[in-house]
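This is what each chain is made of:
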Amino acid sequence: MLLSVENLIVKYGNIQALHGISFHVNEGEIVTLIGANGAGKTTSLHSITRLPPPEAPKVVSGDIKFKGQSILKTSPSAVVKDLKVALVPEGRHIFGNLTVMENLILATYAREKGTDFSGEYHRIFELFPRLKERRDQRSESLSGGEQQMLAVGRALMTGCTFLLLDEPSMGLAPVLKYEVFRTLKRLNEEGMTILLIEQNANLALQLAGRGYVLDTGQIAAHGTSEELLGNPEVKKAYLGG
Ligand SMILES: Nc1ncnc2c1ncn2[C@@H]1O[C@H](COP(=O)(O)OP(=O)(O)OP(=O)(O)O)[C@@H](O)[C@H]1O
Ligand SMILES: [Mg+2]
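Per chain, residue numbering runs from 1 following the sequence as it is written. A letter from A marks each chain and a number from 1 marks each ligand, given out in the order of writing. Since the coordinates come from a predicted model, pLDDT governs what is reported: local features require at least 70, and pairs of side-chain atoms require 80 or more to be given and counted, while whole-chain, interface and lining totals use all residues.

Draft legend 1. Expanded view of unusual backbone geometry. Of note in this structure, Lys67 is not a glycine but carries a positive phi near 50 degrees. Helix and strand labels come from DSSP, where a helix needs a run of H or I of at least four residues and a strand needs a run of E of at least two; each type is numbered from the N terminus. Tracing the backbone through its elements, the reader meets Lys67 in the loop between strand E4 (58-66) and strand E5 (69-70). A positive phi angle, close to 50 degrees, is found at His93, a residue other than glycine. With respect to the helices and strands, the residue His93 is situated in the loop between strand E6 (85-88) and helix H3 (100-106). The exposure class assigned to His93 is partly exposed, which follows from the 13 C-beta atoms found within 10 Å. Using C-beta atoms placed from the backbone, we call a residue buried if 20 or more other C-beta atoms fall within 10 Å of its own, exposed if 12 or fewer do, and partly exposed for counts in between.

Structure below.
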């Protein structure tokens, strides 16, 4: 098991956001965590990435293990550098005043100096040809879909082998949604482990092998994507009937 979240209780001040959730991700899997607004999806990811305060959710009890070892005391930078886990955050958070290329270069800062990353830039431009055409353009001038591609590309430039994505389809036109999801499928086929957070349950379950339904800080259902797609309660609440 690559990642296991065990009975995790998380608070922001007095607000309890996660009420003892458990889920796991095996190496090479695509697992999705679906749920409505405020269900605790982003909180779950931020608990894993150890985001620094003030956004940091506080783990009250439970554990998060990576390859069997607790990472609750692991620094955010070590999560990226040593565990090779990278987050594609909700809302993308790219640096708008920097160019596409500068955003990608910035993501390599924690990697070994003097490394030749040209092959990796090439790979990102091959995955997302639109970024190649716009490589010297300021990122704030990209469309929402292109910014999402850049956010994925930037995560890849950390050298990660495990991608955490927080609602990558949000705000994208259908054609771009599919483009981003097709790329995620391809990355997974090439060996990337993926934990995908989505409100768009239908799309997420088409891509993932397994999923968990998060409802107000608790796991309400879990199973293979086929099981969840066929579950009457999941259908009613998350799949439009
Ligand atoms: N920084 C914070 N301070 C206080 N409460 C927070 C903070 N961030 C999240 N919460 C609360 O924790 C709960 C879970 O929020 P979270 O952002 O994890 O939900 P989500 O499933 O990602 O929702 P969305 O789909 O809207 O992004 C919510 O009740 C939210 O109000
Ligand atoms: Mg969220």
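Next comes the rest of the description.
Draft legend 2. Focus on the site of ligand 1. Residues are classed as near a molecule or strand if the C-beta position derived from their backbone is within 6 Å of it. Contacts to ligand 1 come from 14 residues, most closely from Tyr12, Ala17, Lys41, Thr42 and Thr43. Every element with two or more residues in the shell around ligand 1 is listed here: strand E2 (15-25) and helix H1 (41-49). Here the shell around ligand 1 gets three residues from one element, more than from any other, and that element is H1.

Draft legend 3. Region of the structure containing the pairing of E6. Going residue by residue along E6, you find Val85 and Leu87 tucked away on one face and Ala86 and Val88 tucked away on the opposite face as well. What makes two strands pair is DSSP finding at least two bridges between them. Where E6 meets strand E7 (residues 162-166), four bridges bridge the pair, whose relative direction is parallel. Residue Val85 lies in a different strand from E7, and its bridge partner there is Phe162.

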